[in-house]
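If you want the building blocks of each chain, they are given just below.
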Amino acid sequence: ATEYYSPDRRFILGAVSYYEGPGVYAYEISPYDTASAEMVTTAYRTIVENAFFGKELYFHPTSTAVDALVPDLPDDVKVITTEDLFAGIDYQPYNLGTTTGLLRFKTAEEVDGQYTPFRELVVLDEVPNDISITAGIVTGAFQTPLAHINVLSINRGTPNMGLRDAQNDPDLVALRDKWVELTVGPFDWSIKEITQAEADAWWEDHKPAPIEVPQIDDTVTDLRPVEDIIADDQPLADEIRVGLTRFGSKGTNYAALYDIGDAVPIQDAFVIPFHWYNHHMESNGLRDRLLELLADPQWSDPAYRAEQLEAFKVEIVDAPLDPDFLQAVFDQANAQFDTSDPTIDWRFRSSTNAEDLGTFTGAGIYNSQTGDPEYGRDTDAEDTVAWAIKTAWSNLWNPRAYEEREYYSIDQTQVGMALLTTPNFPQEEANGVAVTNNIFDTSGLEPAFYVNVQREDYEVVQPDLGFIPDAYLHFFNLPGSPVVYISHSNLIPDGTTVLTARQINDLGIALDAINNTFRPVYGNQPGVWYGMDVEFKFDDKNDPGGDPQLFIKQARPFPWNQ
């Protein structure tokens, strides 16, 4: 209270960090320190006069509040920004660990949406939007910690790192197409050649344990509003456990968000239970067709398997949808959603029993679909509601989704797809993803929210190449709730941020409530790091042309490779 916040403090605190990549010594104070520009100047000059690196010293502002001191600092206090520091770094570890595999050099375009053998360790030129299971990933361009492929790496427990110009690194090039052991450490990395026998032995010792998915309860048939899924008078963990068997993980967790109240604003929604996916599969002979495919002698060939799965998805979409069920979907949506705006489509989002399971997120392996109700109920042409429902169901059999489940020995005959149904966002002003804990400090000593956010509907978790989001840590529960920016979006003017201070605070309130609500369900293991992975948008749909408001899209346990 005295040394960080009082103007009458006895000490001026801080630390000198040496950033090895750019070769920079930097004096830094805590993001929440309220030291004045005069105090910073006194400390800086004292260090310069008494340290062997004094003439090389910079002052590095560690938060937006500390950055506000810069205009008042004298010219002899040299300032370096976070962006300048990161520009001089050649190596970034994202998911630590050791792995073995066959070292392959590929492009991001080659692996995106294509099958890559899981025993391969891939060196990529850029960051792909998607990648199947691999032994490890090295990208020549830097990622963000919440990039889609890093969340996948954390979920799978596979090492992931960024190395500037990786495809020309001599240590990697020398081992191209050889069996190797790669270690990704917090400060450096190493790689060495091994034999295939050594790699095989390592794999047998480290392959993941089989995962059992929740058994589907097919007896629930009603299209249920999210406010009616979670009982307020029952333990949330018990309600989620039951909901997973009826409505899938995404729909059930969304219902839990509804019960939090005004602190967590969400759209109205209902869930189509597993029953109707099963009904579509069985009434059209698709369940038997699936069993035929799984028994095919050629099914062990990954290329053949991917080809057949894509064809099977088409069969699911081409099969007729139960007209009474489709009528029920229209009736429920028209009863719950504001249908006065004809530009608002309906969004059908995957809610399976094989995602968001803690150790298995299934991040990105299923696709959501949008249907336009203006087309009516008498057609299932592309972009209609019937087409969107069937296409969303078919995405359960995305080849990459199948391979991901197979990697964890999930019984493919036991998976199903429910659908979380909401109005679509036609044009949001900002979108992002956050983790309700500090992924850079798993000790718990400095808890914070880590946020990636981008303007409008530009992707954050699966961005186009070269697009960088705002990334910041929000120390919400510390005095002053300081915000520390790690990177700034390159799609907005210099010196600006995607979110306003008010929006950052609104998001912080919601993240805090989500973190506290779900802790008894997903964070009650002593000594195990816990955080919720939260997707959000800011949209002016409730006040067109006005101040965009926060909407939480989903929350699920963030995987952490302990």
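The structure under discussion appears in the preceding block.
K.L.:
I'd like a description of the overall build of the protein chain, backed by residues and values.
P.N.:
Each helix and strand counted, the protein chain has 16 helices and 21 strands in total. With the C-alpha coordinates aligned to their principal axes, the bounding extent of the protein chain is approximately 80 × 60 × 40 Å. Put simply, the protein chain has 562 residues, and 54% of those count as buried. Look at the contacts in the protein chain between residues 6 or more apart in sequence, and 64% of them connect residues 24 or more apart. Accessible surface, the protein chain: about 24,300 Å² in total, of which carbon and sulfur atoms supply 48%.

K.L.:
Describe the packing of helix 9 (residues 236-260) against helix 16 (residues 501-522), and please don't skip the residues or the numbers.
P.N.:
Two packed helices can be described by the angle between their axes and the distance between those axes. At a minimum axis distance of 9 Å, the contact between helix 9 and helix 16 shows a crossing angle of 160°. Comparing the axis directions of helix 9 and helix 16 gives the class roughly antiparallel. Remark: the crossing between helix 9 and helix 16 carries right-handed chirality. On the side of helix 9, the interface is formed by Leu 236, Ala 237, Ile 240, Asn 253, Ala 256, Leu 257 and Ile 260, while helix 16 contributes Ala 513, Ile 514, Thr 517, Phe 518, Val 521 and Tyr 522.

K.L.:
Quick rundown of the sheet that holds strand 1 (residues 15-19)? Include the residues and the values.
P.N.:
The strands making up a sheet associate through hydrogen bonds between their backbones, and the pairing can be parallel or antiparallel. Taken in spatial order, the three strands of this open sheet run 1-2-3, and their pairing is mixed. Either end of the sheet is taken by a strand with one partner, and the two such strands are strand 1 and strand 3 (57-59). On average, adjacent strands in this sheet sit at an angle of 35° to one another, irrespective of strand direction. Bridging between strand 2 (residues 24-28) and strand 3 involves three bridges; their strand directions are parallel. Residue pairing in the sheet places Tyr 25 in a bridge with Leu 57 of strand 3. Here helix 2 (residues 37-50) sits on the sheet in contact with strand 1, strand 2 and strand 3, set at roughly 170° to strand 3.

K.L.:
Account for the pattern of salt bridges, with residues named and values stated.
P.N.:
Summed over the entire model, instances satisfying the criterion amount to 24 salt bridges. Glu 120 serves as the salt-bridge partner of Lys 106, at 2.9 Å between the closest nitrogen and oxygen. Placement of Lys 106 in strand 5 (residues 97-106) and of Glu 120 in strand 6 (residues 120-124) is noted, with a sequence separation of 14 residues between them. Accessibility assignment for this pair places Lys 106 and Glu 120 in one class, buried. Across the pair Arg 556 and Asp 533 runs a salt bridge, and its minimum N-O distance is 3.4 Å. Separated by 23 residues along the polypeptide, Arg 556 in strand 21 (residues 549-557) and Asp 533 in strand 20 (residues 532-539) bring together distant segments of the chain. Neither Arg 556 nor Asp 533 differs from the other in exposure class; each is buried.

K.L.:
Report on the sheet that holds strand 15 (residues 417-423), specifying residues and quantitative values.
P.N.:
Strand order across the open sheet formed by five strands is 11-12-15-13-14, with antiparallel pairing between neighbours. Each end of this open sheet is capped by a strand with a single partner; those strands are strand 11 (224-225) and strand 14 (369-371). One ladder, built from two bridges, connects strand 11 with strand 12 (residues 270-272); its direction is antiparallel. Bridging across to strand 12, Pro 225 finds its partner in Phe 270.

K.L.:
Help me get a handle on the side chain of Arg 287, residues and values and all.
P.N.:
Relative to the assigned elements, Arg 287 resides in helix 11 (residues 286-294). Despite its burial, Arg 287 pairs with no opposite charge, the nearest such side chain being Glu 282 at 4.3 Å.

K.L.:
Break down the packing of helix 13 (residues 323-336) against helix 14 (residues 385-394) for me, citing the residues and quoting the values.
P.N.:
Contact geometry for helix 13 and helix 14: axes closest at 11 Å, N-to-C directions at 105°. As judged from the angle between their axes, helix 13 and helix 14 are roughly perpendicular. On helix 14, the residues that touch Phe 325, Leu 326, Val 329 and Phe 330 of helix 13 are Val 385, Ala 386, Ile 389 and Trp 393.

K.L.:
Pulling in residues and values, what's your account of the side chain of Ser 487?
P.N.:
With respect to the element layout, Ser 487 can be found in strand 19 (residues 483-487). For Ser 487, the side chain forms a polar contact with the main-chain oxygen of Pro 469, separated by 3.1 Å.

K.L.:
So what's going on with the pairing of strand 17 (residues 449-455)? Which residues, and what values?
P.N.:
Extensive coverage of strand 17 is indicated by the burial of six of its seven residues. Bridging between strand 16 (residues 430-435) and strand 17 involves six bridges; their strand directions are antiparallel. Opposite Asn 431, over in strand 17, you have Gln 454 as the bridge partner. Across five bridges, strand 17 lies against strand 18 (residues 470-474) in antiparallel orientation. Of the residues in strand 18, the one forming a bridge with Tyr 450 is Leu 473.

K.L.:
Explain the packing of aromatic side chains to me, and be specific about the residues and the numbers.
P.N.:
With the rule as written, the count across this model stands at 25 aromatic pairs. Taking NZ or CZ as reference, Lys 78 lies 4.7 Å from the ring centre of Tyr 58, over its face.

K.L.:
Before we move on, could you go through the nonpolar core and cite the residues and values that matter?
P.N.:
Core analysis: the largest hydrophobic core is formed by 50 residues, its most contacted members being Ile 272, Phe 325, Val 329, Phe 348, Ile 389, Trp 393 and Trp 397. Within the second largest apolar cluster, 47 residues are counted, among which are Leu 236, Ala 256, Val 264 and Ala 510.

K.L.:
Could you give me a rundown of the environment of Val 77, with the residues and numbers involved?
P.N.:
Along the chain, Val 77 falls in the loop between helix 3 (64-67) and helix 4 (82-87). Looking at Val 77, the relative accessible area reads 5%, which means it is buried. Between the alpha carbons of Val 77 and Thr 41 there is a distance of 6.8 Å; along the sequence they are 36 residues apart. Excluding residues within four positions of it along the chain, Val 77 makes contact with Thr 41, Tyr 44 and Phe 59.

K.L.:
Can you break down the pairing of strand 10 (residues 189-193) residue by residue, with the values?
P.N.:
Inspection of the sheet shows strand 9 (residues 179-184) paired to strand 10 by five bridges, in the antiparallel sense. Among the inter-strand pairings, Val 180 is bridged to a residue of strand 10, identified as Glu 193. A loop of four residues connects strand 9 with strand 10, the two strands running antiparallel in sequence.

K.L.:
Can you break down empty space enclosed by the protein residue by residue, with the values?
P.N.:
Taken as a whole, this structure holds one cavity of 30 Å³ or more when the rule is applied. In this model, the largest cavity occupies a volume close to 40 Å³. Lining the largest cavity we find Ser 249, Lys 250, Asn 253, Tyr 254, Leu 257, Asp 356, Gln 554, Ala 555 and Arg 556. Those elements that provide at least two residues to the lining of the largest cavity are helix 9 and strand 21. Among the elements that line the lining of the largest cavity, the one with the most residues is helix 9, at five residues.

Criteria and thresholds
- Residues numbered from 1 in each chain as written.
- Predicted model: local features only at pLDDT ≥ 70, side-chain atom pairs only at ≥ 80, totals over all residues.
- Heavy atoms only, no water.
- Helix = DSSP H or I, 4+ residues; strand = E, 2+ residues; numbered from the N terminus.
- Buried < 20%, exposed > 50% of the residue type's maximum accessible area, 1.4 Å probe, protein only.
- Contact = heavy atoms within 4.5 Å.
- Areas by Shrake-Rupley, 256 points an atom, 1.4 Å probe, with all protein chains shown as cover.
- Axes fitted to C-alpha atoms, helices over the stretch in contact; angles between N-to-C directions.
- Parallel < 35°, antiparallel > 145°, perpendicular 65-115°, else oblique.
- Left-handed = near helix turned anticlockwise from the far one by under 90°.
- Pairing = 2+ DSSP bridges.
- Salt bridge = Lys/Arg side-chain N within 4 Å of Asp/Glu carboxyl O.
- Lys, Arg positive; Asp, Glu negative; His and termini not counted.
- Polar contact = N/O pair within 3.5 Å; in protein donor to acceptor, adjacent residues only side chain to side chain.
- Phe/Tyr/Trp six-rings, centres within 6.5 Å; stacked < 30°, edge-to-face > 60°.
- Lys NZ or Arg CZ within 6 Å of the ring centre and 35° of its normal.
- Core = buried A, V, L, I, M, F, W, Y, C linked by side-chain atoms within 4.5 Å.
- 1 Å grid on protein atoms, 1.4 Å probe; cavity = no way out; pocket = protein on both sides within 12 Å on 5 of 7 lines; lining within 4 Å.
- Points joined across faces, edges and corners; volume = space filled by probe spheres on them.

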